[in-house]
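Here's the letter readout for the chains.
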Amino acid sequence: MTRDPLLVVFDCDGTLVDSQNNIVQALALCFGKHGLEAPCVRTCRRIVGLSLVEAMQAILPEADPELHIALAHDYKMAFRELRNTGALEHEPLFAGTREVLEALEARGSMLGVATGKSDRGLQLCLEHHNIQNHFVTLQTADRHPSKPHPSMLQTCMVETNSMPERTAMVGDTVYDIKMAVAARALPVGVAWGYHEPEELLAAGAVAVIERYEDLHDILERHL
């Protein structure tokens, strides 16, 4: 009997591409606009993966909700300013990204993205690297609650007619892992992103891969 194809969903920032420098720059700009000290790099890394308002709440938990909303808006404007002035840095693919996408697709898997990026930000990123055609479902913070809410991953499954037992979520933060657990999909961590491997395992990851080529074995063993 032929089994249903796998659905493999990837986070973007910290999983497919290294966007740390741009995130740090944009946060510094938007915080500076409000006369606030820029978050340190470690703090920036901790909030990658959250939607913008939730990210600002995590950085400034005691601030008024109105400030969180204003900072989220100004972060988007800061990114636009960096892009328009040519100061936005190239967000490189992590090693093995293109190869793993091609290999999974060749094996008949369906691919998706679930990210805290905006629709526009994700589109620009995927088109820049010419990998947009690999994905059959794209879910962003523009249309869903923030991770770790399972909405993004559940919608990926609905759009591809996939079941949780044939779905994997690959990500670099505890928010990705907890989203997968909530959606009853297979949680797979990557070691090159913004949260430490031990945190990903503690959150429920079945494994944390050191290289993208290791993903194939994890999928074969668990799905």
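Being a predicted model, the structure only gives us computed values, none of them experimental.

(A) Broad picture of the side chain of T167. Considering the arrangement of structural elements, one finds T167 in strand β4 (residues 167–171). Only 2.8 Å separates the side chain of T167 from the backbone oxygen of M163, close enough to count as a polar contact. Beyond its immediate stretch of four places on either side in the chain, T167 contacts L7, L153, M157, S162, A185, L186 and L223.

(B) The arrangement of the environment of A87 in detail. Secondary-structure assignment places A87 in the loop between α4 (65–84) and α5 (97–106). Between the alpha carbons of A87 and A28 there is a distance of 13 Å; along the sequence they are 59 residues apart. Those residues in contact with A87 that sit more than four places away from it in its chain are Q25 and L82.

(C) Local environment of the pattern of salt bridges. Taken as a whole and assessed by the stated rule, the structure comprises 11 salt bridges. Here D214 ties to R211 by a salt bridge, and the two come within 2.7 Å at their closest N and O atoms. What emerges from the salt-bridge pattern is a single network uniting D11, K147 and D176.

(D) A look at helix α3 (residues 52–59). Residues of α3 that are buried: A55, M56 and I59. Each buried residue of α3 lies within a common arc of 95 degrees when the element is viewed along its axis, so the set occupies one face. Close packing links the buried residues of α3 with α1 (20–33), α2 (41–47) and α4.

(E) Layout of helix α6 (residues 119–129). Listed in full, the buried residues belonging to α6 are G121, L122, C125, L126 and H129. Down the axis, α6 shows its buried residues gathered within 120 degrees of arc, on one side only. Exposed residues lying more than 90 degrees from the buried face of α6 are R120 and H128. On its buried side, α6 packs onto α5, β2 (110–114) and β3 (137–139). Immediately downstream of α6, the backbone of N130 shows phi near 55 degrees, a positive value.

About the thresholds
- Residues numbered from 1 in each chain as written.
- Predicted model: local features only at pLDDT ≥ 70, side-chain atom pairs only at ≥ 80, totals over all residues.
- Heavy atoms only, no water.
- Helix = DSSP H or I, 4+ residues; strand = E, 2+ residues; numbered from the N terminus.
- Polar contact = N/O pair within 3.5 Å; in protein donor to acceptor, adjacent residues only side chain to side chain.
- Contact = heavy atoms within 4.5 Å.
- Salt bridge = Lys/Arg side-chain N within 4 Å of Asp/Glu carboxyl O.
- Buried < 20%, exposed > 50% of the residue type's maximum accessible area, 1.4 Å probe, protein only.
- Arc of directions from axis to C-beta.

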